[in-house]
Number of protein chains: 2
Amino acid sequence: MKYRNFHKGGFGIDCLKELFDKATQRTGSIVSVAAAADHHVLEAASAAKERGIADFVLFGDLGKINEIASQHQINICGMEISDEPDNLEACRKAVALVAEGKANALMKGLVDTSVIMKAALDREHGIRTDRKLSHISVFELTTYHKLLFVTDAAINIAPDLQGKKEIVENAVAALYNLGIARPKTALLAAKEKPDDKMPVTLEYVELVKMAASGELSGCVLDGPFALDNAVSKESAEIKGIDSPVAGDADLLVCPDIEAGNILYKSLAFLAGAKNGGVVVGAKRPIILTSRADSSESKLISIVLGVLF
Amino acid sequence: MKYRNFHKGGFGIDCLKELFDKATQRTGSIVSVAAAADHHVLEAASAAKERGIADFVLFGDLGKINEIASQHQINICGMEISDEPDNLEACRKAVALVAEGKANALMKGLVDTSVIMKAALDREHGIRTDRKLSHISVFELTTYHKLLFVTDAAINIAPDLQGKKEIVENAVAALYNLGIARPKTALLAAKEKPDDKMPVTLEYVELVKMAASGELSGCVLDGPFALDNAVSKESAEIKGIDSPVAGDADLLVCPDIEAGNILYKSLAFLAGAKNGGVVVGAKRPIILTSRADSSESKLISIVLGVLF
């Protein structure tokens, strides 16, 4: 309880504001939206444009886009709209704009994730790189003293050692773009000691070795950690854990998609966090908001897409 | 955001009070403490006794117990103390009291979990049954409308289908003792649809079939669920999920120990939940509090130990 009381003032608040400020200062950002005829997506785009976070190029059914905007009184003035009623074609064109370097991020509208991802990963016309794709989310909590990033809650199901290394590298590169150099990176497991019966803890020992040898660089990485030791100095002290990451993690690396997704959802829905997330590892970030996300969450995701 | 705002009044508050009341109404409960010479454990026992939750029989070094009690001004008046300086022997005797039916729960003091568990699971003198041991935790959140139970955050590493079935059965039996008949039980994964690439979702399909056939009874069980669909009716509606469990789960079943432990810690340390937990599946509950638990958390764990 001491930890919780200590944090009651909510001193994690307003960390996100800095990101919003950074995004508005970076002028000229453009987001390319595939299949934009969706109420929620247009609303998020409009809010982001009004705040000066980015301009938007919309690919989708022009008639429907105008109808939705008028029906829900969404201001889409000044947005470039490319009339493309076919979803697959809209995805291809939205991806092409990013591939040509004319947009800073790709955003999914009302289309299946698989369809836009197929277009994005097309070997000839897509924005694929030789890096692995991975998902990064950010949380602003009243119970933590800074922004907390989590990877991977949505893309990689059960990454092996090499996969985990690439996921960490993706996140480190992304956080660098936010001005977080050498993020304190906690490898999360069910306990803080390596255990033969818990294979992920042994992978973490290897990752820590890679960080020590410089094979995995750009972050201060440690683990395994139980989550409390990564976010609470008091918990770490009780357990006798002496690590610069303990109680002060910037980035939490999850063992697999189940743990990552459950952590994401618990912070967003039960811890009352403000949150957003994007996919990185392609040439540019991919913003995959879902209808279940709040407007605020969609806006935060756009900010990440612009900054990463 | 609508969900979060909707819950802002904190209408999950005071659910735990009902459990405390139940525990005090059930008079004559006795907790057998192994290796009791520990400041934190004595404090929790004293607080529980003062509230009329249980009486305690302490097995441990009498001199040290008295010294700690006097040094920290902990009231242990009226507690039976059996002088046993040897930790292993203290564990054996504490277990024996439970095995003889003279105590309702076993509680760990300042001794390694492995030592007390070995004594508890001794085939001749222990409190082993043919059931699997599993861990159940409870959370009172300001963001949820009732108590939320989670299993298994601490014992079973990667339970197979049969293991998961037994973990659910243990939890259902335990919740029945709290007056929660037919708990709404959500099987947690990374998404709400079965997916060949996510083996746990296929196990869940089997568990749901078992529940339908009556092979797994006593609960309203459904899944796979992403966590948000289990605890938010709005999220479930957006996803088109029609299930009595959606948005109203009593019990969350986690895929493995990593997901369970990370969920537990995120609720306790980042969502500001009040929480407690015990091990069930032996003849009587085993209370394994750790020094990192708050005093309140230890007290809640004792309440569960008495009630389950």
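Preceding block: the structure.
Conventions used here
- Sequence positions are assigned chain by chain, starting from 1 and proceeding in written order.
- Naming scheme: in the order in which they are written, chains are lettered from A and ligands are numbered from 1.
- Local features in a predicted model are, by the rule used here, given only for residues with pLDDT of at least 70; side-chain atom pairs are given and counted only at 80 or more, and totals for whole chains, interfaces and linings are based on all residues.
- With hydrogens and water excluded, all non-hydrogen atoms of the structure serve as input to the side-chain values.
- Burial classification: accessible surface area is computed with a 1.4 Å probe over protein chains only, and a residue below 20% of its type maximum counts as buried, one above 50% as exposed, and the rest as partly exposed.
- Note on conventions: DSSP H or I runs of at least 4 residues are helices, E runs of at least 2 residues are strands, and numbering of each starts at the N terminus.
- Strand pairing is defined by DSSP finding a minimum of two bridges between the two strands.
- We call a crossover right-handed when, viewed with the strands running away from us, the connection from the first strand over the helix to the second turns clockwise.
- The contact rule is simple, with two residues in contact once any of their heavy atoms fall within 4.5 Å.
- By convention, the term buried area covers the 1.4 Å-probe accessible surface removed from two parts as they join, with the contributions of both added.
- We define a salt bridge as a side-chain nitrogen of Lys or Arg found within 4 Å of a carboxyl oxygen belonging to Asp or Glu.
- By the criterion applied in these results, polar contacts are pairs of N or O atoms within 3.5 Å in which, for protein atoms, one can donate a hydrogen and the other can accept it, and in which residues neighboring in sequence qualify only through two side-chain atoms.
- Each residue is assigned to one class: nonpolar for Ala, Val, Leu, Ile, Met, Phe, Trp, Tyr, Cys and Pro, charged for Asp, Glu, Lys and Arg, and polar for all the others, Gly among them.
- Each direction from the helix axis to a C-beta atom contributes to the arc, which is the arc of those directions.
- What is meant by a nonpolar core is a set of buried Ala, Val, Leu, Ile, Met, Phe, Trp, Tyr and Cys residues, joined one to another through side-chain atoms within 4.5 Å.
- Aromatic rings from Phe, Tyr and Trp, with only the six-membered ring used for Trp, were paired whenever their centres fell within 6.5 Å, and each pair was classed as stacked if the ring planes differed by under 30 degrees, edge-to-face if by over 60, and tilted otherwise.
- The atoms used to superpose the copies are C-alpha atoms, taken from residues with pLDDT of at least 70 in both, and the fit is least squares.

## A word on the pairing of strand S2 (residues 55-60) of chain B
All names here are of chain B.
- With 5 of 6 residues buried, S2 is to be regarded as a mostly interior element.
- Note: strand S1 (residues 30-34) against S2, 5 bridges, orientation parallel. The partner of Val 31 across the bridge, within S2, is Phe 56.
- Traced from S1 through helix H3 (residues 39-50) to S2, the parallel crossover comes out right-handed.
- As defined by bridge partners, S2 adjoins strand S3 (residues 80-83) across 4 bridges and the pair is classed as parallel. Looking across to S3, one finds that Leu 58 is bridged to Ile 81.

## A few points about the interface of chain B and chain A
- Listed per partner, the contact involves 43 residues of chain B and 43 residues of chain A.
- Together chain B and chain A conceal approximately 3,800 Å² of surface at their shared face, both sides included; 70% is due to carbon and sulfur atoms.
- Along the contact surface separating chain B from chain A lie 2 salt bridges.
- When the shortest N-O distance is used, the salt bridge between Lys 265 of chain B and Asp 228 of chain A registers 3.2 Å.
- Counting every contact that joins chain B to chain A gives 5 residue pairs in polar contact (both at pLDDT 80 or more).
- Per-element accounting of the side of chain B that touches chain A gives the leading share, 12 residues, to helix H11 (residues 257-270) of chain B.
- Tallied by class, the residues present in the side of chain B that touches chain A amount to 27 nonpolar, 8 polar and 8 charged.

## So, the pattern of salt bridges
Residue and element names in this part refer to chain A.
- Taken as a whole, this structure holds 30 salt bridges over all chains when the rule is applied.
- Ionic pairing is found between Lys 239 and Glu 192, a salt bridge with its closest N-O pair at 3.4 Å. Here Lys 239, found in the loop between helix H10 (233-238) and strand S9 (251-253), pairs with Glu 192, found in the loop between strand S7 (184-188) and helix H8 (199-213); they are 47 residues apart in sequence, far enough to count as distant.
- Residue classification places Lys 239 among the partly exposed positions, given a relative accessible area of 40%.
- Taken together, the shared-partner salt bridges in this structure form one network comprising Lys 146, Lys 184, Asp 248 and Asp 250.

## A short note on helix H2 (residues 15-25) of chain A
Residues and elements named next belong to chain A.
- When we look at burial in H2, the residues that qualify are Cys 15, Leu 16, Leu 19, Phe 20 and Ala 23. Viewed end-on, H2 has its buried residues packed into an arc of 145 degrees, placing them on one side of the element. Seen from the open side of H2, the exposed residues pointing more than 90 degrees away from its buried face are Glu 18 and Gln 25.
- Those residues of H2 hidden inside the fold are in contact with strand S5 (134-140), strand S10 (274-280) and helix H12 (295-307).

## Structural notes on the nonpolar core
- Membership of the largest hydrophobic core comes to 59 residues, with the highest contact counts inside it found for Val 31, Ile 53, Phe 56, Met 107, Phe 149, Ile 302 and Phe 308 of chain A.
- The dominant element in this core, judged by the number of residues it contributes, is H12 of chain A, at 7 residues.
- Non-local contacts of Val 31 of chain A, meaning those with residues more than four positions away in its chain, are made with Ala 54, Asp 55, Phe 56, Val 57, Ala 105, Met 107, Ile 287, Ile 302 and Val 306 of chain A.
- Core analysis: the second largest hydrophobic core is formed by 58 residues, Ala 44, Met 107, Phe 149 and Leu 178 of chain B among them.

## Some points on the pairing of strand S10 (residues 274-280) of chain B
All names here are of chain B.
- Most of S10 sits inside the fold, with 6 of its 7 residues counted as buried.
- For strand S5 (residues 134-140) and S10, the ladder comprises 7 bridges, and the chain directions are antiparallel. Within the sheet, the bridge partner assigned to His 135 lies in S10 and is Val 279.

## Concerning the side chain of Asp 38 of chain A
Residues and elements named next belong to chain A.
- Note on placement: Asp 38 falls in the loop between strand S1 (30-34) and helix H3 (39-50).
- A polar side-chain atom of Asp 38 sits 3.2 Å from the main-chain amide nitrogen of His 40.
- Here Val 41 takes part through its backbone nitrogen, which lies 3.0 Å from a polar atom of the side chain of Asp 38.
- Setting aside its immediate chain neighbours within four residues, Asp 38 contacts Ile 68 and Leu 110.

## Things to note about the packing of aromatic side chains
Residue and element names in this part refer to chain A.
- Tallying each qualifying case throughout the model produces 2 aromatic pairs over all chains.
- With centroids separated by 5.3 Å and ring planes inclined at 75 degrees, the aromatic side chains of Phe 139 and Tyr 264 adopt a geometry described as edge-to-face. Placement of Phe 139 in strand S5 and of Tyr 264 in helix H11 (residues 257-270) is noted, with a sequence separation of 125 residues between them.
- Judged by relative accessible area, which is 0%, Phe 139 ranks as buried.
- Judged by its relative accessible area of 10%, Tyr 264 falls in the buried class.

## Details of the relation of the copies chain B and chain A
- By a simple turn and slide, chain B fits onto chain A: the slide is 0.0 Å along the axis, the RMSD is 0.0 Å, and the turn is 180 degrees. These values place the two chain copies in the arrangement generated by a two-fold rotation axis.
- A share of 100% of interface residues in chain B that are also interface residues in chain A marks the association as one of identical surfaces.

## As for unusual backbone geometry
Residues and elements named next belong to chain A.
- Between Thr 151 and the following residue, Asp 152, the backbone shows a cis peptide bond with an omega angle of 5 degrees.
- Backbone geometry places Ala 35, a non-glycine residue, at a positive phi of 60 degrees.
- Looking at the secondary structure, you find Ala 35 in the loop between S1 and H3.
- A residue is classified by how much of its surface remains accessible, and Ala 35, at 4% relative accessible area, is buried.
- Despite not being glycine, Gln 73 has its phi angle at roughly 50 degrees, a positive value.
- Considering the arrangement of structural elements, one finds Gln 73 in the loop between helix H4 (62-71) and strand S3 (80-83).
- By relative accessible area, which is 74% here, Gln 73 ends up exposed.

The values reported here are purely geometric and, on their own, carry no functional implication.
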